[in-house]
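What the coordinates show
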Amino acid sequence: MTRDTGHKTQNRKVSKVLVIGSGPIVIGQSAEFDYSGTQACKALREDGIEVILVNSNPATIQTDSDIADKIYLEPLNSEILEKIIKKENPEGILATVGGQTGLNLAMELHRNGVLEKYKVNFLGTDAHSIDLAESREQFNGLMKKLQVPMLQGKIVKDFETAKKFANEIGYPVIIRPSFTLGGTGGGTANNESQLKEILDLGFRLSATNEVLLEKSGIGWGEFEYEVIRDGDGNSVIICTMENFDPMGIHTGESIVAAPIQTLSDRENQMLRNAALRIVNAVGVKGSCNVQFSLNQETGEYVVIEINPRLSRSSALASKATGYPIARVAAKIALGKKLHEIKNPITGTSAAFEPALDYVVLKIPRWPFDKFSRSNRKLGTMMKSTGEAMAIGRTFEEALMKAIRSLDIKIPKAIRPAMHLNPATDQRIYAIFEAFRRCMSVDELYKETKISKWFLGRIHRLVSLEREIQSSSGDGVQLSKHILLEAKRNGFSDVAIADLFGNGITESQIRSLRREYSILPTYKVVDSCAGEFEALTPYYYSTYEYENEAITIQLHRSKAKNQSHLDEKAKSVIVIGSGPIRIGQGIEFDYCCTHAAFALRDLGFRSIIVNNNPETVSTDFDSSDRLYFEPLTFEDVMNIIENEQPYGVILQLGGQTSINLAKKLSENGVRILGTQFDGIDLAEDRERFRELCNKLGIPQPPNGTATKEHEAFGIAEKIGYPIVVRPSYVIAGRGMAIVRDRNELTAFITEAVDVSEKKPVLIDKYLDNAIETEVDAVSDGGTLFIGAIMEHIEPAGIHSGDANIVLPSIRLSDKEKQTITEYSEKIAKSLGNIGLINIQYAVREGTVYMLEANPRASRTVPFVSKAIGIPMVKLATAVMLGEKLDDILPNLQMPSPSYFAVKSVVFPFLKLAGTDIGLGPEMRSTGETMGIGDSFEIAYYKALLAAGSFVDPKKKSVLLSVRDEDKENAVQLSKLLSELGFKIYATKGTAEKIKSSIIVPKIGEGNTKQSDILELIKSGKIGLVINTPRKGGSSHTDGFKIRRAAIEKGTTCITNISTAFELAKALKKLSKHDLEVSTISEWNSHSK
Amino acid sequence: MKNIKSVLLLQDGTAICGQGFGAKASSQGELVFNTSMTGYQEALTDPSYGGQILLMSNPLIGNYGINKKDFESNKVQVAGFAVRNLSPDYSHREADCSVNEFLADYGVPGITGIDTRFLVRKIRNAGVMPALLATYEGDLDISKLNVDFNYSDHDFVQEVTTKKPQKFGNGKIRVVLVDYGVKRGILNELVARGIETVVVPSFSSADEIRSHEPDGILLSNGPGDPSILTQAHKTIPALSNHGYPMFGICLGHQLLAHAFGGKTFKMKFGHHGSNHPVIHMETKKVSITTQNHGFAVDAKSISQDFDITHLNLNDNTVEGMKHKSKSIFSVQYHPEANPGPHDSKHLFDEFVKLMGGKGR
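Remember, predicted model here, so these are calculated numbers, not experimental data.

Looking only at helices and strands, one finds 38 helices and 39 strands in chain A. What you see for chain A is a C-alpha radius of gyration of 28 Å, in line with the 31 Å of a compact globule of 1087 residues. The principal-axis extents of the C-alpha atoms in chain A amount to approximately 75 × 70 × 60 Å. Out of the 1087 residues in chain A, the part that is buried amounts to 62%.

Right, dumping it as structure tokens:
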């Protein structure tokens, strides 16, 4: 079938292509689009195409100057894109590498005629095909024509039709909104009231206001086929995947195995045939994911949906097989045929299907450690923020490695019944526990419908646990046979030590392994199961006979044509940051990837260890060698022993890698950059306080408590409000502002619980201070400060959640001078080599030290892009002994003539039951960047990119603020009135600001006037400003107001400063039009 | 199966010990590897594996057991089975027994728990080689074992071909299927197209074949070295002189080449898998194909009367050819799949077309 693009444009020769990125990291759309986008950009440029990239996310490799020709760090909306198209005049647009965001935007530009107006053609899969795949109605029609079975379903646009249909097919029914991301707004309804609840949200979130109502196939197996098709119709399956969790749980929420494990070839080919038939009929030119469901009890199957673009699954398929899907898809978009494209791994053509000789397992990482109040049940909507992938030669081995890669505490006392059905994030641990409690495979199958073969694997692991346990006894040594069996099944030394007991330690198991010669071997991921010689330096560990990862020097001298590096060059290992989670996001992957690039430039061989399949760092060509492994001491130390590197870089992978510092240095590993003692000096509050005292740097009054009564003593001494937090945590976990003794009583138990043996830190909370932070690089002597940044919100909001601007807008020169001096002193005292992030609070002319982090921070990419200086590259060079003065003599902190603002996005919509108020514990998933001539414009762009925009058609605002904000609210409402906003306010606020419409409290509405919730739900309000009182109970009106706004999609601001600056920006904007510029255009204005 | 041990001894002296399964037996064969990720049952029963010890690169084998449907012949054909991880249990609604039981029933030994990737790489670098696979209990003096096997010395076709003609299916078109070790999948494709299929022994003479009054002749797949099947080299040209449409698959393709004066050569480690890309020279259309052969047709030796129609994208070996004037064509790969992609099933339709149209 041939298709035209839907709009008639004459064919233009393509030399310039617009690539749309996916914007900030959100649940359902993570780092995978940086990975695929980066690969696609590189593939296009290889063929001489000029690439124009738009993405608002600064923490991406994709937005680096050497990935695209022109980079626009601009908000992703159709008005901005039209401006860029007008300015750049590209001939083509690549819509399929920016996730659902990119796809929806391209479709919007197509529908509103912009593409036609500027004669921009779709490259690769075109608008018509996208429509066929994404519109439920068209897709259903096509499937009928192709005779591919589907679950009985119907497109509905209103509740009545939905109700009728649901009664026809019977509950439970599945609700799937069209054109949404990660199943947002979807769900399973067991009855009419649930149906109504889900539909209310679903209708609103669907880009077309339509949802698909579908008979539930709950309990059927779920299978995915990753297809690539070229313009000639040549198609190949890159990877098949099987969901461990059966239907009813979103594939992004499911543990996924590759390749498919439980289907016979006959069934596999049946699904393969259907996948190819569908992809062919849709007219995909590029990559496409096809999802099936198969009833394992009857063998009948249905197609669930297809995604005619690069996706989370395609990223996983790429990492699982080694086949560069995005790269090949980009070449196809340029018109190449599969057999004309080279597979860079084997040197043969891209027209083949990878063969795997291992098992890959992906396991999601959920944010419930941060959102403990949220509903932990899993369903058709994604709640996980990231994922880890593990590779093994058996399913058991891969599963144990995958769980280990999550970097979480495995719940020990767990009641299986609470987690099996409906499933929660802890189901996998519950299955282990159920087997420990002697449940059978058949019983668990009945309960969960998870394939018996999968359950059998866990049963086997639990049997092995018993075998290890029962082999123990007084004076008995662990036998070689059992130890080998345990290692081959993926048990960690720690787990074996725990099971064997007898006081044996991890390091004793490690020695015993050496004694028995049970050492890991490393195998290559080569896309061909060893059939061809492949030079992919992509490894995983397993316990086998042959080790293919001979040390890099030897390896290189064997490989002939790869001599761009000195044969004898030393290698350096960079430890990555694992799965994306709140507080440890893509920023750290950006840093690790940059270090790998920098190492190459410095003549070192770079080795990356990481386990996140979504990222650029785990692309096989980002480093000279990639180890896809868990990031525990054991796994990392094994690699170090295998590689004998010159040194290891730990400061770029966030807390995960930093946490390895102690044990690695104890084991004699050379840590490059700041040493463990420096890290400890900064992280140990007592030591740090002494240091600040010695250096004469003021800190907010503080103390450290190891027992409860000590905490109260300290609190009384320094006076409330205070900030309490455990030491050594990611992103302020368990951290809070406490205003009185009662709150402290309530909180301290939780905080102590979070960090076990670690003490609790108590600081005086500085009300209304300006929080600032510094990202800098030091070489031990010189400190280069990239920027002094300023938080827009007052101190007390986690820096990861704050809106941040550079250069600073409120600090005096003297304050900046002080910050610089303090920073230099601290960096020197910590013996800091490499990156350092230091946070200060400034109040009434005094600069207080809050904390120093001798490692990469999440603002490093933002700063690097804002100032146009690659901070990580500098840091890597100094870690290897170079001096800043030699690299860039007389480097001074740049003082840009423009402003850059970092804003943030939150996962509140996905996590029902979560309050959206902000505090010292980080809760955002991603970030955006806005640049402008003035602070206001930059700020507005950053907020716009983060989705916090004020609908210009709804010039009405709802104000409801806490007492301490009421003075400011007066000013704010004046400003908003001037801008023509109609102002609604709750009683207390209204009394203060006057001239506003008073809105009745919840439940106090009447026939004339709806109450506040109804008002928000009616959609009349364009902006909600609600600042929460402390406490965060989910019963307060404020909580309900904020949730209502989130669910209605109305921007809700919870901080008065944020709101104020937004109003000022709106004022400025009323006189200016938003302009678009590339990042290098901005950077050239600097200095 | 718990206490049974197993050893795989290669001709170069490499000995690998693992856990034994299947029959308690000792067996010799040529060690070849297959990279398919599904379809172990079809492979085990494929007559083309006669005389070979099959090594699977996919480490997980036996997950869905053995069912009653996916047989390519009526028994286990491999000489031995070597895997990384034979699943101790299986789960599938169609499953009838485990791989362990299946191999035991047919007297074939297996080995599991070994570094199969090491062996795949070894064969890739050194080429296929004879090996011995023995399962045993207690102790075994491995130094006393000896590999004494030469694949090319054997006429495996004789062992696997039907002993007398058999008729399958009904229809207006009649095909004689010359059985050099035919997979059931090929027969099924013909029968499904409404073709009366007469399966005849490999040693049938041209006259015997003609006596069935066929509308076309299909030369099947099968094991072994095509150059030693000298009778077929003579029978085929005799048949072609009578103008029968002919379709050669795998060994059948190689025999056609020989019949018209061409040559075949032994490949280093052959093609055994379900992911081989083949390009059709005329349309540039790529198909992913199932392959299972250790010999290939030498492109330069092919008779001037033939055009090369298909090439392997990986190594450019000949994958298909067609007679310039007669209705004769052949492919090196397996259009019937089983296991593997169904991308090339249309070739059976083309064969039907050559014979003058629809079967039914």
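Right, let's get into the overall build of chain B. A count of helices and strands for chain B gives nine helices and 21 strands. Dimensions of chain B, computed from C-alpha atoms along their principal axes, come out at roughly 60 × 45 × 40 Å. Pairs at least 24 residues apart make up 75% of the contacts formed inside chain B by residues separated by at least 6 positions.

Moving on: the interface of chain B and chain A. Between chain B and chain A, the contact holds 41 residues from the first and 45 residues from the second. Looking at the side of chain B that touches chain A, the elements that each hand over two or more residues are helix H3 (116-126), strand S17 (264-280) and strand S18 (286-297) of chain B. Looking at the side of chain B that touches chain A, the element that brings in the most residues is H3(B), giving five residues. Along the lines of polarity and charge, the residues of the side of chain B that touches chain A split into 16 nonpolar, 14 polar and eleven charged.

On to the environment of A:Gly868. Structurally, A:Gly868 is set in the loop between helix H29 (860-867) and helix H30 (871-879). On the basis of neighbour count, A:Gly868 is assigned to the partly exposed category, with 17 C-beta atoms found within 10 Å.

All names here are of chain B. Each domain of chain B was delimited in the assignment, giving domain 1 (5-153) and domain 2 (157-354). Computed over C-alpha atoms, the centres of domain 1 and domain 2 are 27 Å apart. Listed as interface residues are 23 residues of domain 1 and, on the opposing side, 25 residues of domain 2. For the side of domain 1 that touches domain 2, the secondary structure elements donating two or more residues are strand S3 (26-34), helix H1 (40-44) and H3. Element by element, the count of residues in the side of domain 1 that touches domain 2 is highest for S3, at three residues. Broken down by class, the residue content of the side of domain 1 that touches domain 2 amounts to eight nonpolar, eleven polar and four charged.

Residues and elements named next belong to chain B. Spatially, seven strands are ordered S1-S2-S10-S7-S4-S3-S11 in a closed barrel, and the strand pairing comes out mixed. The average undirected angle you get between the axes of adjacent strands in this sheet is 35°. Taken strand by strand, H3 contacts S3, strand S4 (52-56), strand S7 (80-82) and strand S11 (129-136), and its axis lies near 120° from that of S4.

Below, the discussion takes up helix H3 (residues 99-111) of chain A. Residues and elements named next belong to chain A. With 13 residues, H3 ought to run about 18 Å at 1.5 Å a step, and its terminal C-alpha atoms sit 18 Å apart, in line with that. Of all 13 residues that make up H3, eleven are buried, and the element is covered over most of its length. Restricting attention to buried positions, one finds in H3 the residues Gly 99, Gln 100, Thr 101, Gly 102, Leu 103, Asn 104, Leu 105, Ala 106, Met 107, Leu 109 and His 110. Where the residues of H3 are buried, they touch strand S1 (16-20), helix H1 (32-46), helix H2 (78-88), strand S4 (92-94), helix H4 (114-117) and helix H5 (127-134). Directly after H3, the chain includes Gly 113, whose backbone phi takes a positive value near 85°.

Below, the discussion takes up the nonpolar core. Soluble globular proteins tend to bury their nonpolar side chains together. Ranked by internal contacts, the top residues of the largest apolar core, which has 442 residues, are A:Val19, A:Leu361, A:Val574 and A:Ile649. Examining the composition of this core, we find that ten residues originate from one element, helix H20 (residues 586-601) of chain A, more than from any other. Here this core spans two domains, and each of domain 1 (5-153) and domain 2 (157-354) of chain B adds at least three residues to it. When near neighbours in sequence (up to four residues on either side) are disregarded, A:Ile649 contacts A:Val572, A:Ile573, A:Val574, A:Ile575, A:Ala595, A:Leu672, A:Gly673 and A:Met879. A:Val156, A:Ala166, A:Ala189 and A:Leu201 belong to the second-largest nonpolar core, a separate cluster that totals 17 residues.

The next point concerns the packing of H5(A) against helix H6 (residues 136-146) of chain A. All names here are of chain A. Two numbers describe how H5 lies on H6: the axes approach to 5 Å, and their chain directions differ by 85°. With respect to H6, the element H5 is oriented roughly perpendicular. Of H6, the residues touching H5 (which contributes Asp 131, Leu 132 and Ala 133) are Gln 138, Phe 139 and Leu 142. Residue classes in the contact of H5 with H6 are distributed as four nonpolar, one polar and one charged.

Attention shifts here to unusual backbone geometry. Residues and elements named next belong to chain A. Looking along the chain, the bond that leaves Tyr 171 and enters Pro 172 is cis, with omega of -5°. Secondary-structure assignment places Pro 172 in the loop between helix H7 (159-169) and strand S7 (173-177). Residue Pro 259 is reached from Ala 258 by a cis peptide bond, and omega for that bond is -10°. Position of Pro 259 relative to the elements: it lies in the loop between strand S12 (256-258) and helix H9 (265-282). One non-glycine residue, Cys 438, lies in positive phi territory at about 70°. Overall, Cys 438 belongs to the exposed group, with 8 C-beta atoms counted inside 10 Å. One non-glycine residue, Ala 529, adopts positive backbone phi at about 55°. Within the fold, Ala 529 resides in the loop between strand S17 (521-524) and strand S18 (538-542).

Let's shift gears to the sheet that holds strand S13 (residues 173-179) of chain B. Residue and element names in this part refer to chain B. Pairing is mixed across the open sheet formed by ten strands, whose spatial order is S12-S14-S13-S15-S16-S21-S20-S19-S17-S18. Each edge of the open sheet carries a strand with a single partner, namely strand S12 (166-168) and S18. If you compare each strand with its neighbour and ignore which way they point, the axes differ by 25° on average. Examined bridge by bridge, strand S20 (residues 318-323) and strand S21 (residues 328-331) share three bridges and lie antiparallel to one another. Across the sheet, the residue bridging to Gly 320 is Val 331, located in S21.

Before going further, it helps to examine the packing of helix H17 (residues 493-500) of chain A against helix H18 (residues 506-515) of chain A. Residues and elements named next belong to chain A. At their nearest, the axes of H17 and H18 sit 8 Å apart, and the two run at 105° to each other. The angle between the axes of H17 and H18 places the two elements in the roughly perpendicular class. Between H17 and H18, the contacting residues are Asp 493, Val 494, Ile 496 and Ala 497 on the first element and Glu 506, Ile 509 and Arg 510 on the second. Tallied by class, the residues present in the contact of H17 with H18 amount to four nonpolar, no polar and three charged.

This brings us to helix H9 (residues 346-354) of chain B. All names here are of chain B. Those residues of H9 not exposed but buried are Leu 347, Phe 348, Phe 351 and Val 352. Axial view of H9: buried residues confined to an arc of 150°, hence all on one face. On its buried face, H9 is in contact with S13, helix H5 (184-192), strand S15 (216-219), strand S16 (246-249) and S21. Gly 356 sits one or two residues past H9 and shows a positive phi near 100°.

Residue and element names in this part refer to chain A. Counting buried residues along strand S29 (residues 783-794), eleven of its twelve residues qualify, which places the element largely inside the surrounding structure. Of the pairings in the sheet, the one linking strand S28 (residues 770-779) to S29 comprises eight bridges and is antiparallel in character. Counted as the bridge partner of Thr 772 is Glu 790 from S29. What sits between S28 and S29 in their antiparallel hairpin is a turn of three residues, with Gly 780 showing a positive phi close to 100°.

Moving on, we get to the confidence of the model for chain B. Of all residues in chain B, 98% attain a pLDDT of 70 or more, and the chain-wide mean is 96. Prediction confidence for the complex, expressed as pTM and ipTM, is 0.94 and 0.98 respectively.

Take the pairing of strand S11 (residues 235-243) of chain A next. Residue and element names in this part refer to chain A. Within S11, nine of the nine residues are buried, which leaves it mostly tucked inside the rest of the structure. Two strands pair when backbone bridges link them, and strand S10 (residues 221-229) and S11 are joined in this way by seven bridges, in the antiparallel orientation. Within S11, the residue paired with Ile 228 across the bridge is Val 236. Once S10 ends, the chain turns through five residues before running back antiparallel as S11, passing Gly 233 with a positive phi of about 90°. Direction of pairing for S11 relative to S12: antiparallel, over a ladder of two bridges. Looking at S12, one finds that Glu 242 is bridged to Ala 257.

The rules we used
Residues numbered from 1 in each chain as written. Chains lettered and ligands numbered in written order. Predicted model: local features only at pLDDT ≥ 70, side-chain atom pairs only at ≥ 80, totals over all residues. Helix = DSSP H or I, 4+ residues; strand = E, 2+ residues; numbered from the N terminus. Rg over C-alpha atoms; globule rule 2.2 N^0.38 Å. Buried ≥ 20, exposed ≤ 12 C-beta atoms within 10 Å, placed from the backbone. Contact = placed C-beta atoms within 7 Å. Nonpolar A, V, L, I, M, F, W, Y, C, P; charged D, E, K, R; others polar. Domains from an automatic or database assignment. Pairing = 2+ DSSP bridges. Axes fitted to C-alpha atoms, helices over the stretch in contact; angles between N-to-C directions. Expected span 1.5 Å × (residues − 1). Core = buried A, V, L, I, M, F, W, Y, C linked by C-beta atoms within 7 Å. Parallel < 35°, antiparallel > 145°, perpendicular 65-115°, else oblique. Arc of directions from axis to C-beta. pLDDT = per-residue confidence, 0-100.

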